[in-house]
Every structure is written in structure tokens, then in C-alpha cells.
Amino acid sequence: MEAGLTSAMPTSRIAQLENVNVRFGKGSNAFLALDRTNLTVHPGDFVAMVGPSGCGKSTILKLVAGLLRPTEGHVFVAGREVGAERIGIGMAFQNPTMLPWLTIRENIMLPLKIVQPYAATFRRDKRTVFYDRAEGLLAKVGLTGFGDRRPWELSGGMLQRANLCRALVHSPKLLMLDEPFGALDQFTREELWSILQELWMETRPTVFLVTHDLREAAFLASRILVMSARPGRVTEDRQVDLARPRTLETTFQPEFTDLTNDLRRLIVEARQAKEPAQ
Amino acid sequence: MTLSQRSLDHVKSASFIVLLFLAWEVSCVLFGISPIVLPPPSTVISTLIVQMPALWPHILQTLLTTMVGFLLGMVIGVALGAIVGVSRTAYNVAYPLLVGFSSIPKVAVVPIFVLWFGSGTLPAILTALTTCIFPIVVNVATGLATTEPEMEDVLKALGANRSQVFWNVSLPRTMPYFFASLKVAVTLAFVGTVLSETVAANRGIGTVMMMATASFDVPLAFAGLLALALLGILLYAVFAVIEQRICGWANRKQEFAMG
Ligand SMILES: Nc1ncnc2c1ncn2[C@@H]1O[C@H](COP(=O)(O)OP(=O)(O)OP(=O)(O)O)[C@@H](O)[C@H]1O
Ligand SMILES: [Mg+2]
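Quantities reported herein were computed from a predicted structural model and do not represent experimental measurements.

Novice: Just to check I follow, could you spell out the overall build of chain A for this structure?
Specialist: What chain A contains, in helices and strands, is 9 helices and 10 strands. If one aligns the C-alpha atoms of chain A with their principal axes, the spans along those axes are about 55 × 50 × 35 Å. A buried classification covers 53% of the 278 residues belonging to chain A. Sequence-distant contacts in chain A: of pairs separated by 6 or more residues, those separated by 24 or more amount to 70%.

Shown next as C-alpha cells:
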């Protein structure tokens with residue numbers, strides 16, 4: 001039956017969650033983190049997920065990335081049930097986790113060492129093609145000349161730029177971003193929005209972005225999912241049709257502010273809905 | 001800036017040692033302490049130099065015994081640490097055992113080794129091994145077992161298999177733990193060797209010190225202590241240099257964090 005489902009899934013969906021339940025804990029401590037979630041994401045979508053803390057946003061990312069198995073239901077990525085095949089998903093967290101014994105460039109090239117077809121020629125290409133690729137990305141995020149530095153020589157914002165490069169270096173079909181700009185100041189954050197948008201528009205990977213910043217979601221996403229608190233559920237699924245490339249001016253337009261206000265109201269409702277249960 | 005800071009620290013450390021020896025010398029003279037109780041450092045040092053030809057074979061014996069015990073401890077320690085660190089189950093099962101094993105005073109195992117293998121070099125090697133192995137096992141296991149969860153997620157999402165995670169992340173990040181443990185282990189191995197030598201051997205610094213105290217040759221006993229301390233410092237320094245060469249990044253990171 002599963003095989004039938006797999007082959008029947010149209011290729012216009014890169015990721016799909018089918019009646020997914022995720023339960024954590026055992027016995028009396030068990031609780032439902034994600035409740036009968038259905039979600040279909042098309043190639044090239046930029047999906048932002050917002051919602052109260054603990055509602056299961058990171059859990060959805062982990063499901064799609066194959067880091068977590070659903071308790072019930074099915075997760076499909078690129079037409080196959082997750083776990084069947086690795087497709088080299090790019091991932092970036094709030095904590096940049098650059099390896100201190102490598103240079104920034106070596107850190108950025110790490111995925112090329114692991115993901116095929118790059119890994120097969122890594123030894124040969126690391127000084128030529130891959131080197132240029134890393135340099136190109138560094139230039140795009142404004143880190144030209146920092147390739148030979150060590151992670152401890154860079155500021156938090158610079159590390160997060162490098163982190164973006166590492167997540168994108170192997171041109172992944174899927175990019176998972178879990179609050180990547182959460183620890184940055186407002187100005188750096190807005191600058192990185194534009195950079196990320198540019199990178200996305202170039203290669204059009206499918207992006208899942210988890211964020212607490214509603215302006216960030218509205219600025220970057222083509223689709224915003226609002227989730228309710230425990231048990232997590234997608235309560236609102238919104239297309240964002242603002243023209244691209246979006247700029248800081250976009251954020252002052254009434255459509256933009258209306259959208260962020262709507263989102264804020266929805267999340268406040270989602271939070272209030274959980275109070276009596278606690 | 002950090003370099004001059006460090007050489008300044010070296011100067012401070014050296015002058016502290018000199019001051020300590022001076023205070024020792026002065027109090028010996030000032031309070032008229034008998035050299036049978038506490039010989040002044042000048043006597044200790046001259047004894048060490050004068051007796052060097054006689055002491056040398058014993059120093060060599062102790063050094064070799066220590067190194068053999070230490071190298072064996074390193075090999076076995078790394079193997080055990082790898083097993084314990086790679087599997088969570090092994091970690092949970094083996095840890096209490098390791099703690100129990102490490103809390104046994106090593107002086108208590110010497111008679112058992114002697115019972116099994118007779119007196120001499122072999123029990124000394126085994127005592128050195130058992131004394132130094134614990135920090136190596138614990139540090140290697142800790143280094144391997146504690147990869148940042150986010151880093152692990154990034155690699156797994158990329159599709160990395162266990163061996164790729166091991167070579168790219170677990171192994172390099174274990175290196176500083178490993179070398180830190182070697183510095184400690186090599187001095188501990190010394191303690192083990194000398195311990196065994198004082199109980200059951202006819203060669204080695206431990207034996208010399210036993211015989212010296214038995215015949216009230218206190219300056220010679222102190223000369224033995226001094227020789228031990230110097231050897232300990234020497235071996236520690238050797239491993240500190242190797243550590244700095246291989247995983248200097250770990251130190252520089254710290255320096256940066258401290259400003
Ligand atoms: N490994 C785990 N074991 C037990 N409970 C977990 C685990 N991972 C997540 N949870 C729980 O599942 C729920 C959803 O977690 P998740 O990390 O997806 O939340 P989130 O929406 O990302 O929250 P935040 O915005 O604070 O990051 C939370 O209540 C959390 O406590
Ligand atoms: Mg989260």
C-alpha cells in the first residue's frame with residue numbers, strides 16, 4: 001500500500017505530510033506534539049512557519065529532513081517516503097555550529113564532501129571548482145576574503161552568513177531554516193533577508209523557514225503557515241503575493257503591515273486557545 | 001599581546017619556584033632543621049648531581065617502565081573509550097564500572113599484581129597502566145559522545161552516514177579531550193610505577209627511595225623525589241607541546257573567548 005501511495009504521488013509535490021501524528025514521551029508523560037497534520041509543499045515554495053513556542057514547528061522541519069519518524073501517518077519527500085533515500089537537505093539553525101578546526105571555507109565545503117555527486121570528486125575539485133563555488137557564495141553574503149579565517153575570528157552575524165553558505169553550497173532541493181536569524185540584531189537580520197531572497201530567487205530551492213519574526217515571514221515567504229499550540233496543528237495557510245524582489249520599502253506597504261497584523265492576531269488567538277488546557 | 005602575556009606567565013611561574021626553594025633553604029638554616037628531617041634544597045640538588053651515575057640506571061628503569069605502561073594504557077584506553085563513547089548503551093553500562101574501578105586505590109592492587117606475576121618490572125608496568133588508563137577512557141568517551149545535536153542534525157539531513165560523522169566531526173573534536181587526558185595520564189603513570197617499585201622491585205627510583213629512607217639517607221630520598229618531579233614536568237611538557245601542535249585551535253578558541 002505504501003508503495004502504491006509513493007508511486008501515485010504527483011511530482012509537483014516535493015514534500016507531503018499525510019495525517020501525521022507525533023507523540024513524545026512515554027506513559028503518563030506522553031503527549032501529542034503534532035496532531036493529524038496534512039501539508040503539501042510544491043517545488044520552489046518558500047514556506048514560513050509561525051506559531052507560539054512549542055507548537056511543533058521544529059518538529060515539522062525534522063520530519064521532512066528525515067531526522068524524526070512520525071508516530072502515525074506518512075511523510076513523503078521528492079516522491080518517496082522519508083528515510084528511503086537521502087537527498088542531501090540543507091539545514092541551518094540559530095546556532096551556526098561552524099567546526100572550529102576548519103577554516104570558514106572548509107566549513108562551507110563540508111556538504112560537498114558528503115552529498116553526491118559532489119563527494120565523488122571532492123578530492124579533485126576542492127581546490128578548483130568547489131573552491132570557486134565557496135568563494136562565490138562568500139561574496140554573495142558579503143564575506144569576501146574571510147574564507148581562510150577560523151570561526152572564532154568571526155562575529156555572530158558573520159558566522160550566520162557562513163552558515164547560510166554551508167546550507168546552500170550543494171544546491172539542495174530542500175532548505176530547512178530553523179530561526180536562522182533569531183540571535184541577530186535588526187539591521188543584520190534585514191540585510192540577510194535580502195541576501196536569502198536573492199539566493200532563493202536564483203536557484204529556487206524549496207525552503208521551510210521557522211521564525212518568530214512575523215515581518216521576516218512576510219518578507220521572505222510565498223506561503224505562511226500559522227500553527228496552534230499543543231497539540232500542534234496548522235490553523236492557517238496563507239499565500240503571500242507581494243511582488244519580488246521585496247525590499248525594505250515593501251515592509252511599509254499597507255498590504256505588508258496588514259499581513260503582519262493578521263498573523264499577530266492569529267498567533268495571539270492560538271496562544272489564548274491553549275491557556276485553559278494548562 | 002597574548003604571546004608576551006604568556007612569556008610573562010612563564011617568568012612568574014619560574015620565579016615562584018625559585019622563591020619557594022629559597023624559602024625552603026632559608027627556613028632550614030634559620031630554624032636549624034636537621035638534614036635527617038628536611039635537607040635544604042642545596043643538599044638535595046648536590047646529592048642528585050653527585051649520585052647521578054648511581055641513580056641513572058634507576059631513573060632509566062622508572063622512565064621505561066612508565067612509558068611502556070603509559071603506551072599500553074593509551075592503546076587500551078583509546079579502544080575502551082571508543083567503545084564506550086560510540087554507543088549510548090555501552091556508555092550507560094560501563095560508566096558506573098569505570099567509576100568503581102577508578103576509585104580503587106592503586107596501592108591496593110600492587111600486592112595482587114605481585115601475587116600474580118611476582119615482583120619486578122611487570123607489576124610496575126601493570127600498575128602504571130591501571131593508574132593512567134581512567135582519564136584516557138573517560139575523555140575519549142566524552143569527546144566522542146558529545147557532538148553538538150545541531151551539528152549532528154545538519155550532517156544527518158545531508159545524508160551523512162556514521163563513518164562520515166565520525167571522521168568529519170567526532171574524531172577531530174575528541175582530539176583536545178584526548179591530549180588533555182594524555183598530559184594527566186603520563187604523570188599518573190609515573191605515580192603508578194613508583195608505587196609498585198616501592199612495594200616490590202629491586203630497581204627504579206621507587207626502590208632507591210625505599211632503601212634511602214630505610215638507611216636514613218634522607219638527602220638521597222629527596223633527590224629521588226626531585227628526579228621524579230623533573231621527569232614528570234618533562235613528560236608533561238612533551239605532551240603539552242604535541243597537543244598545541246595538533247589541536248591548537250581548541251586553545252585559541254578559548255583565548256578568544258576570554259578576550
Ligand atoms: N525530543 C523530544 N522529546 C520530547 N519532547 C519533545 C522533543 N522534541 C520536541 N518536544 C516537544 O514537542 C513540542 C514541539 O516542539 P518543537 O521543538 O517542534 O517546538 P517549536 O514550535 O519549534 O518551538 P520553538 O518556537 O520554541 O522552537 C514541544 O512541546 C517540545 O517540548
Ligand atoms: Mg523550534
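From this point, the discussion proceeds with the structure in view.
Novice: What am I meant to see in the domain arrangement of chain B here?
Specialist: One frequently used descriptor of interface size is the decrease in accessible area upon assembly of the parts. Under the domain assignment, chain B is made up of domain 1 (1–33) and domain 2 (47–258). Spacing between the C-alpha centres of domain 1 of chain B and domain 2 of chain B amounts to 28 Å.

Novice: Sorry, what's going on with the pairing of strand E8 (residues 206–210) of chain A here?
Specialist: Note on strand geometry: in a regular strand, side chains alternate between the two faces of the sheet. All names here are of chain A. In terms of residue burial, E8 counts as a mostly covered element, since 5 of its 5 residues are buried. With burial as the criterion, each face of E8 is covered, one bearing Thr-206, Phe-208 and Val-210 and the other bearing Val-207 and Leu-209. Across 4 bridges, the pairing between strand E3 (residues 46–50) and E8 is parallel. From the neighbouring strand, Met-49 faces E8, where its bridge partner is Val-210. Alignment of strand E7 (residues 174–178) against E8, held across 5 bridges, turns out to be parallel. Across the sheet, residue Met-176 finds its bridge partner in E8, namely Phe-208.

Novice: What should I look at first to understand the nonpolar core in this one?
Specialist: Soluble globular proteins: nonpolar side chains tend toward being buried together. Within the largest apolar cluster, 131 residues are counted, with the highest numbers of intra-cluster contacts made by Val64(A), Met176(A), Phe208(A) and Ile224(A). Here this core gets 11 residues from one element, more than from any other, and that element is helix H10 (residues 218–258) of chain B. Phe208(A) has contacts with Ala15(A), Leu39(A), Val41(A), Val47(A), Met49(A), Leu61(A), Val64(A), Leu174(A), Leu175(A), Met176(A) and Leu177(A), leaving out every residue within four places of it along the chain.

Novice: Before we go on, may I ask you to explain the site of ligand 1 in this structure?
Specialist: Residue and element names in this part refer to chain A. Among the 13 residues in the neighbourhood of ligand 1, the closest are listed as Ser-53, Gly-54, Lys-57, Ser-58 and Thr-59. For ligand 1, an oxygen atom lies 2.9 Å from a polar atom in the backbone of Gly-56. Contact between ligand 1 and Glu-179: an oxygen atom at 3.4 Å from a side-chain N or O atom of the residue. In the complex, the protein chains occlude 63% of the 630 Å² of accessible area that ligand 1 would expose alone. Put simply, the parts of the chain that give the shell around ligand 1 at least two residues each are strand E2 (31–41) and helix H2 (57–65). Here the shell around ligand 1 takes 3 residues from H2, the largest share from any one element.

Novice: Would you explain the layout of surface pockets in this entry?
Specialist: Over the atoms rolls a probe the size of a water molecule, and in doing so it shows where empty space is left. All names here are of chain B. The calculated volume of the largest pocket comes to roughly 590 Å³. Around the largest pocket, the lining comprises 18 residues; the ones closest to its centre are Gly-85, Val-86, Leu-144, Glu-152 and Arg-162. Where the lining of the largest pocket is concerned, the elements lending two or more residues are helix H3 (52–86), helix H4 (88–103), helix H6 (121–145), helix H7 (149–158) and helix H8 (162–199). It is H8 that provides the largest number of residues to the lining of the largest pocket, a total of 4 residues.

Novice: What is the right way to read the sheet that holds strand E1 (residues 15–24) of chain A from this model?
Specialist: Backbone hydrogen bonds are what pair the strands of a sheet, in a parallel or an antiparallel way. Residue and element names in this part refer to chain A. A sheet is described by the order of its strands in space; here 4 strands give the open sequence E2-E1-E4-E5, paired in antiparallel fashion. In this open sheet, the two edge strands, each paired with only one partner strand, are E2 and strand E5 (80–81). Both E1 and strand E4 (residues 72–77) contribute to a ladder of 5 bridges, which runs antiparallel. Its bridge partner lying in E4, Asn-21 is registered against Glu-72. Along the sheet, H2 makes contact with E1, E2 and E4, crossing E1 at roughly 120°.

Novice: Mind showing me how you'd approach a nonpolar patch on the surface here?
Specialist: All names here are of chain B. Taken together, Val-26, Leu-30, Phe-31, Ile-33, Ile-36, Val-37 and Phe-216 make up a surface patch of nonpolar side chains, about 760 Å² in accessible area. Structurally, Phe-31 can be placed in the loop between helix H1 (2–30) and helix H2 (41–50). Look at Phe-31 and you get exposed, because its relative accessible area is 62%.

Novice: I keep staring at the packing of aromatic side chains and nothing clicks. Help me out?
Specialist: One pass over the full model with this rule turns up 14 aromatic pairs over all chains. Plain terms: the ring middles of Tyr91(B) and Tyr95(B) are 5.2 Å apart, the flat faces sit at 35° to each other, and that makes the pair tilted. Of this pair, Tyr91(B) and Tyr95(B) are both found in helix H4, 4 residues apart, which corresponds to roughly one turn of the helix. Note on Tyr91(B): relative accessible area 22%, which makes it partly exposed. Here Tyr95(B) falls in the partly exposed class, since its relative accessible area comes to 28%. Among the aromatic residues, those joined into a cluster by ring pairs are Tyr118(A), Phe122(A) and Phe130(A). Seen from the ring of Phe101(B), Lys106(B) lies directly overhead, with NZ or CZ sitting 5.8 Å from the centre.

Novice: Which parts of the structure should I look at to understand the interface of chain A and chain B?
Specialist: Contacts between chain A and chain B engage 21 residues on the former and 20 residues on the latter. Here chain A packs against chain B, burying approximately 2,100 Å² in sum over the two surfaces, 71% of which is carbon and sulfur. Summed over the shared surface of chain A and chain B, the result is 0 salt bridges. For the pair chain A and chain B, the number of links is 3 residue pairs in polar contact (both at pLDDT 80 or more). Take the side of chain A that touches chain B: its biggest share by element is 4 residues, from helix H3 (residues 104–114) of chain A. Taken together, the residues of the side of chain A that touches chain B sort by class into 13 nonpolar, 4 polar and 4 charged.

Calculation rules
- Residues numbered from 1 in each chain as written.
- Chains lettered and ligands numbered in written order.
- Predicted model: local features only at pLDDT ≥ 70, side-chain atom pairs only at ≥ 80, totals over all residues.
- Heavy atoms only, no water.
- Helix = DSSP H or I, 4+ residues; strand = E, 2+ residues; numbered from the N terminus.
- Buried < 20%, exposed > 50% of the residue type's maximum accessible area, 1.4 Å probe, protein only.
- Contact = heavy atoms within 4.5 Å.
- Domains from an automatic or database assignment.
- Pairing = 2+ DSSP bridges.
- Core = buried A, V, L, I, M, F, W, Y, C linked by side-chain atoms within 4.5 Å.
- Near = heavy atom within 4 Å.
- Polar contact = N/O pair within 3.5 Å; in protein donor to acceptor, adjacent residues only side chain to side chain.
- Areas by Shrake-Rupley, 256 points an atom, 1.4 Å probe, with all protein chains shown as cover.
- 1 Å grid on protein atoms, 1.4 Å probe; cavity = no way out; pocket = protein on both sides within 12 Å on 5 of 7 lines; lining within 4 Å.
- Points joined across faces, edges and corners; volume = space filled by probe spheres on them.
- Axes fitted to C-alpha atoms, helices over the stretch in contact; angles between N-to-C directions.
- Patch = residues over 30% accessible without salt bridge, like charges linked within 9 Å, V, L, I, M, F, W, Y side chains within 5 Å.
- Salt bridge = Lys/Arg side-chain N within 4 Å of Asp/Glu carboxyl O.
- Phe/Tyr/Trp six-rings, centres within 6.5 Å; stacked < 30°, edge-to-face > 60°.
- Lys NZ or Arg CZ within 6 Å of the ring centre and 35° of its normal.
- Buried area = accessible area lost by both parts, 1.4 Å probe.
- Nonpolar A, V, L, I, M, F, W, Y, C, P; charged D, E, K, R; others polar.

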